[in-house]
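Structure at a glance
Each chain, written out:
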Amino acid sequence: MAELLSEQQWSEYERLGYMDGRTRNTLTGDRFPIVIGEPGAAWPFLQSVREENRSLRESAAEAERYAMSLAEHAGRLEQMRSETEQYAKALEVELSGVRAAAPPGDTQP
């Protein structure tokens, strides 16, 4: 394993902008591997970002479940409409048969 850097080497290292354990990935907030020293404290805002992310994922999952239930309900309504339409057509056929069988002067349906 490499020896520890002197204070002067460390200053030069930081000046050049190398990443180490105190540097975080801006996308995930995770730390990069530690080169020297102790890890720093966690960024306080990351907890709220992660909580918001979790909350948004739960909301999206709930919205998806709701959308699927609406699609299922729409399918049931379409089936009911189709059955009602078939029943209405059957009644029309029955009514036309009753009218055809009625005597010509009868005005009742």
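Fair warning: this is a prediction, and the values are worked out from it, not measured in the lab.

Turning next to the pattern of salt bridges. Using the criterion set out here, one finds 7 salt bridges in the structure. The shortest N-O distance in the salt bridge between Glu 51 and Arg 54 comes to 2.1 Å. Taken as a pair, Glu 51 and Arg 54 lie in helix α2 (residues 44–101) at a separation of 3 residues, close to a single helical turn. The class for Glu 51 is partly exposed, based on a relative accessible area of 40%. The exposure class assigned to Arg 54 is partly exposed, which follows from its relative accessible area of 37%. Of the charged contacts in the structure, one is a salt bridge between Glu 85 and Lys 89, with a shortest N-O distance of 3.6 Å. Taken together, the positions of Glu 85 and Lys 89, both in helix α2 and 4 residues apart, correspond to about one turn of that helix. With relative accessibility at 34%, the residue Glu 85 sits in the partly exposed group.

What counts, and at which threshold
Residues numbered from 1 in each chain as written. Predicted model: local features only at pLDDT ≥ 70, side-chain atom pairs only at ≥ 80, totals over all residues. Heavy atoms only, no water. Salt bridge = Lys/Arg side-chain N within 4 Å of Asp/Glu carboxyl O. Helix = DSSP H or I, 4+ residues; strand = E, 2+ residues; numbered from the N terminus. Buried < 20%, exposed > 50% of the residue type's maximum accessible area, 1.4 Å probe, protein only.

Keep in mind that these numbers describe shape and distance, not what the molecule does.
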